Amino acid sequence: MRRLNLTGTMLAVLFLAVPMPRAQAQERKSIAAAATTTAVAPVVVVTPAERAAAERITAARLKEILYFIASDEMAGRDTPSPGLDKTAQFIADRLKQLKLKPAGDKDSYFQRIALSKTVVDREATRAQLGERVFKIGEDFIPAGRVGGEADAPLVYVGHGWVIKSKNINAYDGLDVRDRIVIVSGDGTTTPPGMSVAGLPGGDWESPLSYAQKHGAKALVTIPRNFERALRFGALRLARPYFTVPRLENAVADDDEDEAAEAPTQGMPTILATRAMLDALFAGERVDTARVLQASQGQGEQPKGFALSADKRLSLSVKLSTTETTSQNIVAVLEGKDSKLKKEFVALGAHYDHVGGNGGGCRPVGEDSICNGADDDGSGTTALLTMAEAFAKGQRPKRSILFVWHMGEEKGLWGSDYFTRYPTVPLKQVVAQLNMDMIGRSKKEGDTNPANKMLTGPEEIYVVGSTLMSTELQRMSEGVNSAYLNLKYNYHYDEPNDPERMYSRSDHYNYAKHGIPIIFYFDGVHEDYHKPTDTADKIDYEKMQKVTRTVFILASELADAPRRPVVDKQLPQDRMTR
Ligand SMILES: [Zn+2]
């Protein structure tokens, strides 16, 4: 499960600011209400053969696999990393034993994904003001993802925002063209107490996009949490930064289609430390202390001004980029019906996690490997045992598509990639069932607030089933009441929920392509994204129940006379960009 990031929060606020039409809101409420009863569920008969197949999925087998996948040897399965590749090979080897059809690239189980790896070239990155040479990592830290050079006079633009509806414009009487812009804030996050609504570029403009559109040469930011940003920036300086170029280009193309203005590519950006700010603001009408205060939302925001014309900052940010790869793992169990086998029931999980210290993992004491047993070792393992059960049981009519996604924690990369460049025709995918964190349960008497939303041993959050296809929802309920009767919790079945669960895992990318989805999730808990998310904390009995239930639903979907009809469309949420 992906962490809710700051950009996400900001965009979520934007999204929430657009009121939902009333009828739609009411309809959603009544759907949610209907979902909590089983009255609409048709009678689903779970056949003895289906039961027998599901019973091949056992707590003991789940435990055996998960202890391996969540071992320290996999080093937290960061994307990309040797530990992730090792996990991929383990899964692929097992799929080969099971004789499932490879459905990645060129008869392989791997769909290769090119990544670009960028590091700051510390030697070639420099900043100088007159005679004063600043030191990288000490006086300044490159912050953006764009390299470049600038040699120009400076302008301070205050908070740097333009918000038309509030008559806010930081640039009254200021020209940023051919200048280096200094801004209080990080250039993209609104200052405390200020919010934006409407369209970027039209109704409002961030300091970064304003600077780019108006011909500025570079950006010097003074982040709100100054000390923390510097510490974090210094750490990041030592670390490579990864992107998926094919996805970045695809997103840029989408934006060009949708947005009124072309996307911005970023510009050379640095964080200035106190020492550098003191040099920049020496002898100016506003001193460093006031500028820093303003960045933190304290005191009055000084108006912007051009710094004295004899000051020129010479800046060079050099990045060096190389290529590497990672992979999704894709396999198919071919259906037995000559016609229906062309359709697929997709089952998914993400096999990556946040790695170790230096990745997205926050160390606890000495332990700095985030093992990701629940997140999403549990879904990864469940998917493998489902592949085993399908491979040994009766073949269903439709084909079953298994995808283990990479890079979920980085921004749903694997599922974005797979749905943009699918290895089977996406239109023939009738539904996608995603398991991300299905192994933890709340113990009786647990009063830890961090476990407040964790589900019990017989309970699981079922997200998205009511939002796109009434038929899928009915089948989901029908299977549950005919089989293990778990407590289905629909709390997160709401795209506007502040926790944004609906858009925080891979199923979301399938939904964006019109495929009805269900997301199974146990709830955030005390060990979420920590080194303490380990295999010994898993409730294997619960995991067995959830996995068997998803297996039966997949079997029912694969054998159903027709695919579930999509009768509702989701509002677009651009958070995952
Ligand atoms: Zn996660």
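Residues numbered from 1 in each chain as written. Predicted model: local features only at pLDDT ≥ 70, side-chain atom pairs only at ≥ 80, totals over all residues. Heavy atoms only, no water.

Looking at this model, I keep getting lost on the overall build of the protein chain. Mind explaining?
Within the protein chain, the regular secondary structure consists of 17 helices and 22 strands. Each of the 577 residues in the protein chain was classed as buried or not, and the buried ones make up 55%. In the protein chain, the share of contacts with a sequence separation of at least 24, taken over all contacts with a separation of at least 6, comes to 85%. Summed over all atoms, the accessible surface of the protein chain reaches about 24700 Å², with 51% contributed by carbon and sulfur. (Helix = DSSP H or I, 4+ residues; strand = E, 2+ residues; numbered from the N terminus. Buried < 20%, exposed > 50% of the residue type's maximum accessible area, 1.4 Å probe, protein only. Contact = heavy atoms within 4.5 Å. Areas by Shrake-Rupley, 256 points an atom, 1.4 Å probe, with all protein chains shown as cover.)

Could you clarify how one ought to interpret helix α17 (residues 540-559) in this entry?
Within an α-helix, residues lying three or four positions from one another point in the same direction, as the helix has 3.6 residues per turn. The terminal C-alpha atoms of α17 lie 28 Å apart, and with 20 residues this matches the ideal 28 Å at 1.5 Å per residue to within 8%. For α17, the buried fraction is high: 17 of the 20 residues fall into the buried class. Two or three places before glutamate 541, at the start of α17, stands the capping residue aspartate 539, its side-chain oxygen 3.2 Å from that residue's backbone nitrogen. (Expected span 1.5 Å × (residues − 1). Polar contact = N/O pair within 3.5 Å; in protein donor to acceptor, adjacent residues only side chain to side chain.)

Please clarify how the pattern of salt bridges should be interpreted in this entry.
For side chains of opposite charge, pairing can occur when their charged atoms come near one another. All told, the structure shown has 21 salt bridges when counted by the stated rule. With its nearest N and O atoms 3.2 Å apart, the salt bridge here joins lysine 101 to glutamate 334. Of this pair, lysine 101 sits in strand β1 (residues 101-102) while glutamate 334 sits in the loop between β16 (319-333) and β17 (344-350), and the two are 233 residues apart along the sequence. By relative accessible area, lysine 101 is classed as partly exposed at 43%. Glutamate 334 gets classed as partly exposed once you look at its relative accessible area, which sits at 32%. Connected via shared salt-bridge partners are Arg61, Glu64, Arg94 and Glu388. (Salt bridge = Lys/Arg side-chain N within 4 Å of Asp/Glu carboxyl O.)

Would you mind going over the packing of aromatic side chains with me for this structure?
Centre-to-centre distance and the angle between the planes together describe a pair of aromatic rings. With the rule as written, the count across this model stands at 16 aromatic pairs. Summarising the aromatic geometry, the rings of phenylalanine 390 and phenylalanine 551 are spaced 4.4 Å apart at their centres and angled 45° between planes, so their arrangement reads as tilted. Of the two residues, phenylalanine 390 sits in helix α11 (residues 373-392) while phenylalanine 551 sits in helix α17, which places them 161 residues apart along the sequence. Both residues of the pair, phenylalanine 390 and phenylalanine 551, belong to the buried class. (Phe/Tyr/Trp six-rings, centres within 6.5 Å; stacked < 30°, edge-to-face > 60°.)

Explanation requested: the side chain of aspartate 533 in the structure shown.
Relative to the assigned elements, aspartate 533 resides in the loop between β22 (517-521) and α17. Notably, aspartate 533 is buried but unbridged: the nearest opposite-charge side chain belongs to arginine 440, and the N-O separation is 4.2 Å. Among the polar contacts made by the side chain of aspartate 533, one reaches the main-chain amide nitrogen of aspartate 374 at a distance of 2.8 Å. Setting aside chain neighbours within four positions, we find aspartate 533 in contact with Asn371, Gly372, Ala373, Asp374, Asp375, Arg440 and Asp527. (Lys, Arg positive; Asp, Glu negative; His and termini not counted.)

Help me understand the coordination of the zinc ion, please; the structure alone is not making it clear to me.
Tetrahedral coordination by four donors sets the ideal angle at the metal to 109.5 degrees; octahedral coordination by six donors sets it to 90 or 180 degrees. The zinc ion binds to the protein through Met1 (N), Met1 (O), Asp375 (OD), Glu409 (OE), Glu409 (OE) and His529 (NE2), with metal-donor distances spanning 1.8 to 2.8 Å. Coordination at the zinc ion comes from 6 donor atoms whose angles at the metal span 56 to 161°, giving a geometry best classed as irregular. Counting gaps between the donor residues of the zinc ion yields the pattern M-x373-D-x33-E-x119-H. Here methionine 1 is found in the segment before α1 (6-17), whereas its partner aspartate 375 is found in helix α11, with 374 residues between them in sequence. Comparing methionine 1 with aspartate 375 shows no difference in burial state: the two are buried. (Donors = N, O, S within 2.8 Å, 3.2 Å for Na, K, Ca; no water. Tetrahedral: all angles 85-135°; square planar, octahedral: opposite > 155°, others 65-115°.)

So what exactly am I meant to see when it comes to a positive patch on the surface here?
Taken together, Lys336, Lys339, Lys341, Lys342, Arg395 and Lys397 make up a surface patch of like positive charges. When you line up the elements, lysine 341 lands in the loop between β16 and β17. (Patch = residues over 30% accessible without salt bridge, like charges linked within 9 Å, V, L, I, M, F, W, Y side chains within 5 Å. Charge placed at Lys NZ, Arg CZ, Asp CG, Glu CD.)

Teacher, can you tell me more about helix α13 (residues 413-420) here?
Counted residue by residue, α13 has 7 buried out of 8 residues, so it is predominantly covered. Buried within α13 are the following residues: Trp413, Gly414, Ser415, Asp416, Tyr417, Phe418 and Thr419.

Explanation requested: the environment of glutamine 428 in the structure shown.
Among the structural elements, glutamine 428 can be located in the loop between α13 and β19 (429-435). Along the sequence, glutamine 428 and lysine 341 sit 87 residues apart, while their C-alpha atoms lie 9.7 Å from each other. Those residues in contact with glutamine 428 that lie beyond four places of it in its chain are Lys342, Glu343, Phe344 and Arg563. Only 2.7 Å separates the side chain of glutamine 428 from the backbone oxygen of lysine 342, close enough to count as a polar contact.

Would you take a moment to explain the packing of helix α4 (residues 59-69) against helix α5 (residues 82-97) for this structure?
Two measures define how a pair of helices packs: the angle their axes make with one another and the distance between the axes. Interaxial distance between α4 and α5 falls to 10 Å at its minimum, and their mutual angle equals 145°. Contacts from Arg61, Ile65, Phe68 and Ile69 in α4 reach Thr87, Phe90 and Arg94 in α5. Of the residues in the contact of α4 with α5, the class split is 4 nonpolar, 1 polar and 2 charged. (Axes fitted to C-alpha atoms, helices over the stretch in contact; angles between N-to-C directions. Nonpolar A, V, L, I, M, F, W, Y, C, P; charged D, E, K, R; others polar.)

Explain unusual backbone geometry to me, please; I cannot follow it from the model alone.
Keep in mind that most residues, glycine aside, have a negative phi and that most peptide bonds are trans. In this structure, proline 80 follows threonine 79 across a cis peptide bond, with omega equal to -10°. Among the structural elements, proline 80 can be located in the loop between α4 and α5. Of note in this structure, alanine 75 is not a glycine but carries a positive phi near 55°. With respect to the helices, strands and loops of the structure, alanine 75 is situated in the loop between α4 and α5. Here alanine 75 falls in the partly exposed class, since its relative accessible area comes to 37%.

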